[in-house]
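Listed below are the residues making up each chain.
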Amino acid sequence: MSFCLIILAGGKSHRFRSNIAKPYQKLAGKSLIEINIIKASKFKQIKKIILVYNKKDTNRVKSLKLKNVKLVTGGNSRQQSTLNALKKLKNEKGISKVLIHDVARPNFSTKLFSSILKNMKNAKAVVPKIEIQDAVKQIIDSSNVEYIVGKKRDNFFLTQTPQAFNLKEIYKLHKNNPKKYKDDDISLYVDLNKVKFIKGEKNNFKITDISDFKNLKNIYKSKQSVGIGFDVHRLVPKRKLYLAGLKIKSNLGTLGHSDGDPVLHSITDAILGACKMGDIGEMFSDKNKKFKSIRSSILLRKVIEKIKLKGYFINNMDINIITQTPKIKSYKYKMINNIARLCEISNDRINIKGKTTEKLGVIGKEKAIACEVICSVIKYD
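Residues numbered from 1 in each chain as written. Predicted model: local features only at pLDDT ≥ 70, side-chain atom pairs only at ≥ 80, totals over all residues. Heavy atoms only, no water.

Chemist: Would you explain the sheet that holds strand β19 (residues 368-379) in this entry?
Modeler: In sheet architecture, strand pairing relies on hydrogen bonds along the backbone and comes in two forms, parallel and antiparallel. Reading across the sheet, the five strands line up as β16-β13-β19-β17-β18 and stay open at both edges, with mixed pairing between neighbours. For this open sheet the edge positions go to β16 (252-254) and β18 (350-355), each flanked by a neighbour on one side alone. Each neighbouring strand pair of the sheet contributes to a mean axis angle of 25°, computed without reference to strand direction. With six bridges connecting them, strand β17 (residues 312-322) and β18 associate as parallel partners. Bridging from a neighbouring strand, Ile319 pairs with Ile352 of β18. Strands in contact with helix α7 (residues 262-274) are β13 (224-237), β16, β17 and β19; relative to β13, the strand with the most contacts, it is inclined by about 155°. (Pairing = 2+ DSSP bridges. Helix = DSSP H or I, 4+ residues; strand = E, 2+ residues; numbered from the N terminus. Axes fitted to C-alpha atoms, helices over the stretch in contact; angles between N-to-C directions. Contact = heavy atoms within 4.5 Å.)

This is the structure we're talking about:
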């Protein structure tokens, strides 16, 4: 089965009350849009992603530089925004199913996402739901007399997104029955026997206001872990000097099995430590000839891909480059830009400090260069 994921981010975020619209709020340097995309991109069944955005947020959405994502402007309502996206898909070859998802629910688990995809093999629509456990009340007239819905609350439930549908069917329902639309896409189905409801997740809550966003931040903090990396290399003649993936002009270079970049080696080790995935020596042994003289940027990219598959992304890192020469100051911002590109994080999540040893020891005598890194990561599932 081939799916398209439609992410709805075209609302006005009135209840969120922020100058920055809800879809562009960031956790660990990633916007809610990016978090949703990162998680969904793990699934091979997702062949296409459409992001529906508010026209007033054009500059913000472009600044995200999203790859392999089709941008569609939203309408005046959620229903119209969804229809705008479905129109772009109606003649799409090879895609028969569609997932429709609210950007304000970035905390779905990959387990839930996988369950939705699997259940669509034998269903026309799949929707996650959660039972109502709190007391439900209803104001029945202007005197504010409340009627308590007691045992009847067993008949009530809450629906969540992503919701999965047959593409042709949901497009036809949207096109022909817009007045029947109530809050979400499943409301267009008159016959709920066609719908397969599966167990949703309490943590898959919708971010409506600032307090919801704070709750999500707390969840992410609980998923944070930290790793430490350290590396040191001798400085010798007739070797190139690479620091943070940059070739540095120098009479001396680092001695190593690979290109001997102590900065990228330390970063790689810190990331692996934070993700509890061993160390650089285990993953890329210096006994293996295929890693001889390999660029450390290639090794780091391999690690980034591995941690993404396990549901991690980098929160921030603090880097000490310990060297008597060269001076780091003139290279600092180029290094940050290169590390940010390699690690797929924003520049403001990286800090670099150049340190000397006051001419003490082998580093002070310009016979070696070292680096230490502290890196925090967040597991988003």
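That was the structure; now back to the text.
Chemist: How do you make sense of the pairing of strand β4 (residues 46-53) when you look at a structure like this?
Modeler: Residues in a regular strand project their side chains so that they alternate between the two faces of the sheet. When you tally the buried positions in β4, you get six out of eight residues, the bulk of the element. One ladder, built from seven bridges, connects strand β1 (residues 3-9) with β4; its direction is parallel. Each residue of the ladder has a partner; that of Ile6, found in β4, is Ile50. As paired elements, β4 and strand β5 (residues 70-73) share four bridges and run parallel to each other. The residue bridging Leu51 from the neighbouring strand is Leu71, located in β5. (Buried < 20%, exposed > 50% of the residue type's maximum accessible area, 1.4 Å probe, protein only.)

Chemist: I'm lost on the packing of aromatic side chains in this one. Help?
Modeler: The description of two aromatic rings rests on the distance between their centres and on the angle between their planes. Counted under the stated rule, the structure contains six aromatic pairs. Seen in terms of ring centroids, Phe16 and Phe213 are 6.0 Å apart; in terms of plane orientation they differ by 80°. Their pairing is edge-to-face. Taken together, the residues span a long stretch of sequence, with Phe16 in the loop between β1 and β2 (26-27) and Phe213 in helix α6 (residues 210-222) at a distance of 197 residues. Aromatic pair Phe157 and Phe197: ring centres 5.2 Å apart, planes at 65°, arrangement edge-to-face. Of this pair, Phe157 sits in strand β10 (residues 157-159) while Phe197 sits in strand β12 (residues 195-199), placing them 40 residues apart in sequence. The class of Phe157 is partly exposed, set by a relative accessible area of 32%. Take Phe197: its relative accessible area is 25%, and that puts it in the partly exposed class. In textbook terms, an aromatic cluster arises when at least three aromatic residues are bridged by ring pairs, as seen for Phe43, Phe108 and Phe113. One residue, Lys129, lies across the ring of Phe157, its end atom 4.7 Å from the ring centre. A cation sits over an aromatic face here: Lys379 above Tyr312, 5.5 Å from the ring centre. (Phe/Tyr/Trp six-rings, centres within 6.5 Å; stacked < 30°, edge-to-face > 60°. Lys NZ or Arg CZ within 6 Å of the ring centre and 35° of its normal.)

Chemist: Help me understand the pairing of strand β11 (residues 163-166) in this model?
Modeler: With four bridges connecting them, strand β6 (residues 97-102) and β11 associate as antiparallel partners. Residue pairing across strands places Ile100 opposite Gln163, the latter belonging to β11. In this structure, strand β7 (residues 125-131) lies alongside β11, joined through two bridges in antiparallel fashion. Across the sheet, residue Ala125 finds its bridge partner in β11, namely Phe165.

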